[in-house]
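Secondary and tertiary structure notes
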Amino acid sequence: IYTIAYTLSLHDALPILKEFGPLLLMPNDETALRGLAQISRSNESSPLKAYPHDYDLMCVAEFNPESGEIGPVDPRPRLVVNVGGLLESLTSGGR
């Protein structure tokens, strides 16, 4: 299995809306982080840019493109990064 299905999860401090968003297929964490950083910084009207600390990138499943199988991440979705933390690290000397 070499492709991982990622999804953005809205993390609200006042649990008004706490659900998983659309799935993104990425081959690894690094590729997902690079794409997320680019999206978060490029679109001025994006909620990711306006409220970055409200969003976490979660790995929710593994996908095998050869067999079409989708499997769960054990024991449950795994936190990859908080969008706000990612953007702060990039501004303070990251890429």
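Further up the page is the structure itself.
Residues numbered from 1 in each chain as written. Predicted model: local features only at pLDDT ≥ 70, side-chain atom pairs only at ≥ 80, totals over all residues. Heavy atoms only, no water.

Notes on the overall build of the protein
Selection criterion: Helix and strand definitions here come from DSSP, where helices need a minimum of 4 consecutive H or I residues and strands a minimum of 2 consecutive E residues; each element is numbered from the N-terminal end. Under the scheme applied here, a residue whose accessible area is under 20% of the maximum for its type counts as buried, over 50% as exposed, and between as partly exposed, the area being computed with a 1.4 Å probe on protein chains only.
A tally of helices and strands in the protein yields 3 helices and 5 strands. For the protein, the residues scored as buried account for 34% of the 95 residues in total.

Regarding the nonpolar core
A general trend in soluble globular proteins is that nonpolar side chains are found buried together. Put simply, the rule reads: Throughout this description, the term nonpolar core refers to a set of buried Ala, Val, Leu, Ile, Met, Phe, Trp, Tyr and Cys residues connected via side-chain atoms within 4.5 Å.
Ranked by internal contacts, the top residues of the largest apolar core, which has 14 residues, are Leu-36, Leu-57, Val-81, Val-83 and Leu-86. Taken together, the elements giving at least two residues each to this core come down to helix H1 (29-42), strand S3 (55-63), strand S5 (78-82) and helix H3 (83-91).

Focus on the side chain of Ser-46
Test applied: Any N or O atom pair separated by 3.5 Å or less is treated as a polar contact, with the protein-specific requirement of one donor-capable and one acceptor-capable atom, and with residues adjacent in sequence counted only for side-chain atom pairs.
By the secondary structure assignment, Ser-46 is in the loop between H1 and helix H2 (47-50). A distance of 3.0 Å separates a polar atom in the side chain of Ser-46 from the backbone nitrogen of Leu-48.

Quick look at the pattern of salt bridges
The following threshold applies: Salt bridge, as used here: a side-chain nitrogen of Lys or Arg that lies within 4 Å of a carboxyl oxygen of Asp or Glu.
Evaluated as defined, the whole model comprises 2 salt bridges. Notably, a salt bridge pairs Arg-78 with Asp-29, separated by 3.1 Å at the nearest N-O pair. Of this pair, Arg-78 sits in strand S5 while Asp-29 is found in helix H1, placing the two residues 49 residues apart along the sequence. Since its relative accessible area comes to 31%, Arg-78 is described here as partly exposed. Judged by its relative accessible area of 23%, Asp-29 falls in the partly exposed class.

Considerations on the environment of Met-58
Within the secondary structure, Met-58 is located in strand S3. Met-58 sits 35 residues away from Leu-23 along the chain, and the two C-alpha atoms are 9.9 Å apart.

Let's talk about the side chain of Asn-64
Looking at the secondary structure, you find Asn-64 in the loop between S3 and strand S4 (70-72). Judged by its relative accessible area of 14%, Asn-64 falls in the buried class. One polar contact links the side chain of Asn-64 to the main-chain amide nitrogen of Glu-66, over a distance of 2.8 Å.

Some words on the packing of H1 against H3
Between two packed helices, both the angle of their axes relative to each other and the distance between the axes serve to describe the pair. To keep it simple, the criterion reads: Axes here mean lines fitted to C-alpha atoms, for a helix over just the part in contact, with angles spanning 0 to 180 degrees between N-to-C directions. Orientation labels follow simple angle bins: below 35 degrees gives roughly parallel, above 145 gives roughly antiparallel, 65 to 115 gives roughly perpendicular, and whatever is left gives oblique. Residue contacts are defined here by distance: any two heavy atoms, one from each residue, within 4.5 Å place the two residues in contact. In the scheme used here, Gly and all other residues not listed as nonpolar or charged are polar, with Ala, Val, Leu, Ile, Met, Phe, Trp, Tyr, Cys and Pro taken as nonpolar and Asp, Glu, Lys and Arg as charged.
Here H1 crosses H3 at 85°, and the two axes come no closer than 10 Å. Relative to H3, H1 is oriented roughly perpendicular. Packed against H1, whose contacting residues are Leu-33, Leu-36, Ala-37, Ser-40 and Arg-41, the element H3 presents Val-83, Leu-86, Leu-87 and Leu-90 at the interface. Split into classes, the residues belonging to the contact of H1 with H3 amount to 7 nonpolar, 1 polar and 1 charged.

Overview of the environment of Thr-91
In this fold, Thr-91 is placed in helix H3. Of the polar contacts made by the side chain of Thr-91, one reaches the backbone oxygen of Leu-87; its length is 2.5 Å.

Remarks on H3
Operational definition: Think of it as the arc spanned by the lines of direction from the helix axis to the C-beta atoms.
Val-83, Gly-84, Leu-86, Leu-87 and Leu-90 are the residues of H3 that are buried. When H3 is viewed along its axis, its buried side chains cluster within an angular range of 160° and face the same direction. Summarising the contacts, the buried residues of H3 are in contact with H1, H2, S3 and S5. Its side-chain oxygen at 2.8 Å from the backbone nitrogen of Gly-84, Asn-82 defines the N-terminal cap of H3.

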